[in-house]
Structures are given as C-alpha cells and as structure tokens.
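Chain by chain, the residues run as shown.
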Amino acid sequence: MDYDTLITEALAAPIGGWDFNAFASRYVTGSPPWSYEEVVRERLPRVRSLLDIGTGGGEFLSSLAPLPARTAATEGHPPNVAIARERLTPLGVEVAAVDGNALPFPDGSFELVVSRHHAYDPDEVLRVLVPHGTLLTQQVGGCDLAELNEALAAPPHPHHHWDLERAIAGLEKAGFAVTWQAESFIPARFRDIGAVVQFLRVVPWQVPDFDVRTYESALRTLHERMQAGHALRARSHRFALIASPR
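The rules we used
- Residues numbered from 1 in each chain as written.
- Predicted model: local features only at pLDDT ≥ 70, side-chain atom pairs only at ≥ 80, totals over all residues.
- Heavy atoms only, no water.
- Helix = DSSP H or I, 4+ residues; strand = E, 2+ residues; numbered from the N terminus.
- Rg over C-alpha atoms; globule rule 2.2 N^0.38 Å.
- Buried < 20%, exposed > 50% of the residue type's maximum accessible area, 1.4 Å probe, protein only.
- Contact = heavy atoms within 4.5 Å.
- Lys, Arg positive; Asp, Glu negative; His and termini not counted.
- Charge placed at Lys NZ, Arg CZ, Asp CG, Glu CD.
- Salt bridge = Lys/Arg side-chain N within 4 Å of Asp/Glu carboxyl O.
- 1 Å grid on protein atoms, 1.4 Å probe; cavity = no way out; pocket = protein on both sides within 12 Å on 5 of 7 lines; lining within 4 Å.
- Points joined across faces, edges and corners; volume = space filled by probe spheres on them.
- Nonpolar A, V, L, I, M, F, W, Y, C, P; charged D, E, K, R; others polar.
- Arc of directions from axis to C-beta.
- Polar contact = N/O pair within 3.5 Å; in protein donor to acceptor, adjacent residues only side chain to side chain.
- Pairing = 2+ DSSP bridges.
- Right-handed = clockwise from strand over helix to strand, strands pointing away.
- Core = buried A, V, L, I, M, F, W, Y, C linked by side-chain atoms within 4.5 Å.

A. Quick look at the overall build of the protein. Each helix and strand in the protein was counted, giving nine helices and eight strands. Against the 2.2 N^0.38 benchmark of 18 Å for 246 residues, the protein shows a C-alpha radius of gyration of 19 Å, consistent with a compact globule. Its C-alpha atoms put the protein at 55 × 40 × 30 Å along the principal axes. Within the span of the protein, comprising 246 residues, buried residues form 49% of the whole. For the protein, the proportion of contacts with a sequence separation of at least 24, taken over those separated by at least 6, is 69%. Here the protein carries 22 positive and 30 negative side-chain charges, and the mean point of each set is 3 Å from the other.

Laid out in structure tokens, this is it:
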C-alpha cells in the first residue's frame, strides 16, 4: 500500500481506550516474563476494595470480574472516560475523571491499588491505602520504544529516565516497602508506516509534538525501508513491583 493511503487510513482510524487489537500483526510486541493479570487475580479474593489508577477504557479491569464489592477507577484521558463508564458502571464500578495524579477518595479507602502503565503519586497512593494495603503496578519504562523516536529523529521520551530503580526510590521515600520487583526489555516490531502513525495517535506522549507534516520526511524514509521488507525493530521497556506501607 502506498504512503498516502496508509497515512490517510491511520489518521481516520477511531481511537479510544487501550485496546491494541486493531493493529493486528502490524505492530507486535511480546509479554514480560511475569503476568500482571495473574499477579492481580491472585490478590483479588483477599480484598474487599480495589482502585484501578488509569483504567483507560476499562478493558482490563472489566476482564477481572467478579470484582470486589467496593471497586473504583480513575481515568485522566478525556476520550476514555465515557468509554470506561459505559463498560464499568454496569459492574458497579465508580469511574472518576481526574486531571493529574491526585486521587479523589478519602484516606484509607482501598485495600488494593493497581496501576498498569499509568503514572501515580506515591504519597497519594499511600494516603488512600489502608495500613495493611498493597500497591501493585506495572509501568512502561522510559526507554520504551526509544528506537521509534530515533527513527523519526524525534526527541527522547519525556520521561526517558523512568525505570525500576527510580520507582523504588520514590516509593521508599514516601513510606513504602517494596516486596517484589521485576524489569524486562521485550522485542517489538512496526511493520508499516500506518501502524506507526496510528500508534502515536493512541500514545501521544511517546512523541509529544508528533504531526505527520512536521515528521513527513522521516516518515517517508521509514516507509521506504518498511516497503523494502525492513520492519522497525524496537524494544518495549516494562517493570513491575509490589509495595506496602511500612
């Protein structure tokens, strides 16, 4: 398919939530050596209250049903809030629209706080957790898909220093003890330029100033490489940890 057709389709594609199935085999990445879902599911039967920070469109949280009696979620990306409420309200989940990392809940509201691929404020998480509560998070590291930024001659990811070591330091400073940790770099591939553009629309913080006109020269060069059978190879950076108040 030619460059202009791929770009036009990518710009017209609907986006919402964090469902990447639309990419099919055009953008692929593996899974880390741990299962975030399994780690969360293992703890659900033991808690009566759960908060999901940055639920996206509620895709993952809804898949965990039946949920604890008191379950809430936050979402800061406006297009996702309505999607999340439509999916989660029938399950009895309160979805709070937020701006920033403040959590609109009273102190000691939750036994388990989870966050997959979303920023959190350690002090706020500590505040809303009960004294024996648990934070479980999987994060996108700052080196995530750095090769994509390099291929576009774009600046590095705005939080390119974000890694497991910094996350642990921030939690310990806030008063947490980290009881489990893991970090991994996972092969990823973009097979056509449309997938690149669509991905950057779904994840705009990867290249905050991205625009197809601004980056047209780099996009066309990358398209030619892909058309010649050279997929863009990159690495997904993931880390995860479990922490509890000291």
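B. Representation of the environment of His118 in the model. Note on placement: His118 falls in the loop between β5 (110-116) and α5 (122-128). When the C-alpha atoms of His118 and Ile53 are compared, they prove to be 6.9 Å apart, with 65 residues separating the residues in sequence.

C. Main features of the pattern of salt bridges. Scanning the entire structure with this criterion turns up 14 salt bridges. Between Arg220 and Asp4 there is a salt bridge, with the nearest N and O atoms lying 3.4 Å from each other. With Arg220 in helix α9 (residues 216-227) and Asp4 in helix α1 (residues 3-12), this residue pair connects regions lying 216 residues apart in the sequence. A residue is classified by how much of its surface remains accessible, and Arg220, at 32% relative accessible area, is partly exposed. A salt bridge links Arg41 to Glu37; the shortest N-O distance between them is 2.9 Å. Separated by four residues within a single helix, Arg41 and Glu37 lie in helix α2 (residues 36-43), roughly one turn from each other.

D. Structural detail: empty space enclosed by the protein. Following the criterion strictly, the structure yields one cavity of 30 Å³ or more and no others. Considered as a void within the structure, the largest cavity measures approximately 40 Å³ in volume. In terms of lining, the largest cavity is formed by Ile53, Thr74, Val98, Gly100, Asn101, Ala102, Leu103, His118, Ala119, Tyr120 and Asp121. Taken together, the residues that form the lining of the largest cavity break down as six nonpolar, four polar and one charged.

E. Quick peek at α1. All of the buried residues in α1 are Tyr3, Leu6, Ile7 and Ala10. For α1, the buried positions fall inside an angular range of 95° around the axis, keeping them on one side. For α1, the exposed residues set more than 90 degrees away from the buried face come down to Thr8 and Ala12. The inward-facing, buried residues of α1 abut α8 (193-202) and α9. Among the residues of α1, the N-terminal cap falls to Asp2, whose side-chain oxygen and the backbone nitrogen of Asp4 are separated by 3.1 Å.

F. Local environment of the pairing of strand β6 (residues 129-140). Most of β6 sits inside the fold, with nine of its twelve residues counted as buried. Looking at chain direction, β5 and β6 are connected through six bridges and run parallel. Looking at the pairing, Ser115 lines up with Thr137 of β6. In the classification by handedness, the crossover that spans β5, the intervening α5 and the parallel β6 is right-handed. Relative to strand β8 (residues 232-245), β6 runs antiparallel, the two sharing six bridges.

G. Region of interest: the nonpolar core. Residues Leu152, Phe190 and Leu219 are the most contacted members of the largest nonpolar core, which totals 30 residues. Those elements giving two or more residues to this core turn out to be α1, β7 (176-190), α8, α9 and β8. Per-element tally for this core: the top contributor is α8, with seven residues. Setting aside chain neighbours within four positions, we find Leu219 in contact with Tyr3, Leu152, Ile193, Val196, Val197, Phe210 and Val212. Counting 22 residues, the second-largest nonpolar core is a separate cluster that includes Leu103, Val113, Val125 and Leu241.

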